[in-house]
Amino acid sequence: MSPSSPAGSSSSSLPDSSALLALPDGPISANHADRTSYAISLIGGYPTFPLSTPPLSSDLVCASCSAPIPLLAQVYCPPEGGENDRTLYVFACPNGGCQRKEGSVRAWRASRRNDEYVADVEKMRAEKEAEEKRLADERRKNPFTMGAAQPAGSALFGGGGGGLFGANLFAAPASAPAQAQPVPELSNLSISSASTSTLSPPHPAYQPPQYLSTTDEYLPPPEEVDLDSDDDEQSPEEKAEWRDERFEQLFPSGVDPLFERFVKRISEADGAGGQVLRYDLGGVPLPYSTTSSLTQSLFPGLPAACRAQKAEDDDPSPSTFFKPSSSLVPPCPRCAAPRVFELQLVPSLINHLSPETLSTTGEKAPKKGKSAQSEEERKKELARLAGEEAGGEGMEWGSIVVFGCKGDCEGFEEEWVGVEWETTLA
Ligand SMILES: [Zn+2]
Ligand SMILES: [Zn+2]
């Protein structure tokens, strides 16, 4: 991610992004093997661990009410060029009384050495050495070929992020072809044959689990923002106007500037406005509001800089303020490596995990017919969908950030979670 916008750019120009965005991609059918794989990214359902026995249900609890907490997301994210499988698990307490309480959102990480990756890393290293040797020999033989076009093979290992795994962070190396896939799929992954275990009823779970698919974050330049919208009837000018009106409605004057940017950044991602999760190991999360204590801790000085901002074109860049202290985010207790930002859940995820789909049987909660659903329940559901419900049932977070071990040490470990609670546009 570029540290700041170029000078003179308008406030609506956005930085380059290294984030991968994840979108829900349909339910995983009952008894499908993907429901019991830790190498699949999903939302809802039960987590699968690269462990011979799963963590106890009594350990995966809300630190506020001590009730077992359902999985929000399992994210399979082996680091580029690494030697481990790595899966993150984020859980949250759905109880109304636990919203805004410390410890009601928790995350764990499982990392396990994957011999295929180890072999791949070694193979890459050997191939690179062989190629370097070959080039060196060639240069010795014929000094005049220096600077000529290099064989295609050497480009594989060139710098600049174009490496073998560069384009497909979530894919297992065994399935990652040398040609970059335009849209990496979380669901098409090779599964390790090593032992695994899946959490099971009566632990609560949102049913059915749903696949996540990923795409790179592409932020169109301002003039292109509306060209690719679904509605081709409108001219770009009309669309831009509509968009401005929509934001005007969403953000009456005086609304929190960071929240406005948070929403814009998400909705303007090309083809990924429906993102529920952002993955960017070692990157910078999107700050959610100037008033939250989390933003003030992760981005010291940013809220003040936003308040002091005079010209609209003068947006302070969050990445230059991003300095989480080690007292806020302690290092990994297993290996003492620092924890770095890894993933962020955004509130649209809540729409995909409605309280009505929570079940302790492992199956979809019985569908309530129109007659079975009382008028009161129906109203409540409508109010919830309209975002009008204050308090009561349902999650109220606005942004969840997870910081994970940079060293990717082997084992199963709780990771650091920061929560920004829902902001209301009162
Ligand atoms: Zn709770
Ligand atoms: Zn560690």
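Residues numbered from 1 in each chain as written. Chains lettered and ligands numbered in written order. Predicted model: local features only at pLDDT ≥ 70, side-chain atom pairs only at ≥ 80, totals over all residues.

- Per an unreviewed UniProt entry, the recorded name for the chain is Programmed cell death protein 2, and the organism is Dioszegia hungarica.

1. Considering the overall build of the chain
Argument step 1. Across its full length, the chain holds 9 helices and 14 strands.
Argument step 2. Scored against the burial criterion, the 426 residues of the chain give a buried share of 34%. (Helix = DSSP H or I, 4+ residues; strand = E, 2+ residues; numbered from the N terminus. Buried ≥ 20, exposed ≤ 12 C-beta atoms within 10 Å, placed from the backbone.)

2. A look at helix 4 (residues 257–267)
Argument step 1. Along helix 4, the residues classified as buried are Leu258, Phe259, Phe262 and Ile266. All buried residues of helix 4 project into a common sector of 105° when viewed along the axis, lining one side.
Argument step 2. Residues of helix 4 that are buried in the fold lie against helix 5 (293–298) and helix 6 (302–308). (Arc of directions from axis to C-beta. Contact = placed C-beta atoms within 7 Å.)

3. Some details on the sheet that holds strand 5 (residues 84–92)
Argument step 1. Reading around the barrel, the 10 strands line up as 1-9-2-4-5-6-14-13-11-10 and close back on themselves, with antiparallel pairing between neighbours.
Argument step 2. Pairing analysis gives 5 bridges linking strand 4 (residues 71–76) to strand 5, with the strands arranged antiparallel. Residue pairing in the sheet places Tyr76 in a bridge with Thr87 of strand 5. (Pairing = 2+ DSSP bridges.)

4. Looking at unusual backbone geometry
Argument step 1. Here the bond from Pro201 into Pro202 is cis, since omega is 5°, no more than 30 degrees from zero.
Argument step 2. Here Pro202 is to be found in the loop between strand 7 (197–198) and strand 8 (205–206).
Argument step 3. Omega for the bond connecting Gln207 with Pro208 falls within 30 degrees of zero, at -10°, which places this linkage in the cis form.
Argument step 4. Tracing the sequence through the fold places Pro208 in the loop between strand 8 and strand 9 (210–216).
Argument step 5. Although it is not a glycine, Asn31 sits at a positive phi angle of roughly 70°.
Argument step 6. Here Asn31 shows up in the loop between strand 1 (20–27) and strand 2 (42–43).
Argument step 7. According to the C-beta neighbour criterion, Asn31 is exposed, with 7 such atoms within 10 Å.
Argument step 8. Of note in this structure, Arg100 is not a glycine but carries a positive phi near 70°.
Argument step 9. Of note, Arg100 is situated in the loop between strand 5 and strand 6 (105–113).

5. Focus: the UniProt feature "coiled-coil region" (unreviewed entry) in the chain
Argument step 1. Per the UniProt record, the feature "coiled-coil region" (unreviewed entry) sits at residues 114–141.
Argument step 2. Strand forms 0% of residues 114–141 and helix 96%; the C-alpha atoms that close the span are 40 Å apart. (UniProt positions renumbered as here; feature names shortened; annotations may be inferred.)

6. Remarks on the nonpolar core
Argument step 1. Counting 71 residues, the largest nonpolar core has Leu72, Val90, Leu277, Leu345, Leu349, Ile400 and Val402 as the members making the most contacts within it.
Argument step 2. When sequence neighbours within four positions are dropped, the list of residues in contact with Ile400 reads Val90, Val105, Gln344, Leu345, Val417 and Val419. (Core = buried A, V, L, I, M, F, W, Y, C linked by C-beta atoms within 7 Å.)

7. Description of the confidence of the model for the chain
The predicted coordinates should not be examined in detail at positions where pLDDT is low.
Argument step 1. Residues of the chain with pLDDT of at least 70 account for 69%, and the chain-wide mean is 79.
Argument step 2. Per-residue pLDDT stays below 50 along residues 1–13; that stretch engages in 26 contacts with residues further than four places along the chain or on separate chains.
Argument step 3. Taken together, the stretch residues 171–193 has pLDDT below 50 and engages in 52 contacts with residues farther than four places along the chain or on a different chain. (pLDDT = per-residue confidence, 0-100.)

8. Structural notes on the environment of Ser197
Argument step 1. Topologically, Ser197 is positioned in strand 7.
Argument step 2. What Ser197 contacts, discounting residues up to four positions off in sequence, is Thr48, Phe49, Leu51, Ser52, Thr53 and Pro54.

9. Looking at the environment of Val105
Argument step 1. Along the chain, Val105 falls in strand 6.
Argument step 2. With 41 residues separating them along the chain, Val105 and Ser64 place their C-alpha atoms 9.5 Å apart.
Argument step 3. Residues in contact with Val105, not counting those within four places in the same chain, are Ala92, Trp397, Ile400, Val417 and Val419.

10. Overview of helix 1 (residues 115–141)
Argument step 1. Under the 1.5 Å per step criterion, the end-to-end length of helix 1 is 38 Å for 27 residues, consistent within 8% with the ideal 39 Å.
Argument step 2. Across the 27 residues of helix 1, 2 count as buried, placing the element largely on the outside. (Expected span 1.5 Å × (residues − 1).)

11. Digging into the pairing of strand 14 (residues 411–421)
Argument step 1. Examined bridge by bridge, strand 6 and strand 14 share 5 bridges and lie antiparallel to one another. Residue pairing across strands places Arg109 opposite Glu413, the latter belonging to strand 14.
Argument step 2. One ladder, built from 6 bridges, connects strand 13 (residues 397–405) with strand 14; its direction is antiparallel. For Trp397, the partnering residue across the bridge sits in strand 14 and is Trp421.
Argument step 3. Between strand 13 and strand 14, which pair antiparallel in sequence order, lie 5 residues; one of them, Asp408, sits at a positive phi of approximately 50°.

12. What to know about the pairing of strand 13
Argument step 1. Counting buried residues along strand 13, 9 of its 9 residues qualify, which places the element largely inside the surrounding structure.
Argument step 2. Bridging between strand 11 (residues 339–345) and strand 13 involves 6 bridges; their strand directions are antiparallel. For Arg339, the partnering residue across the bridge sits in strand 13 and is Cys405.

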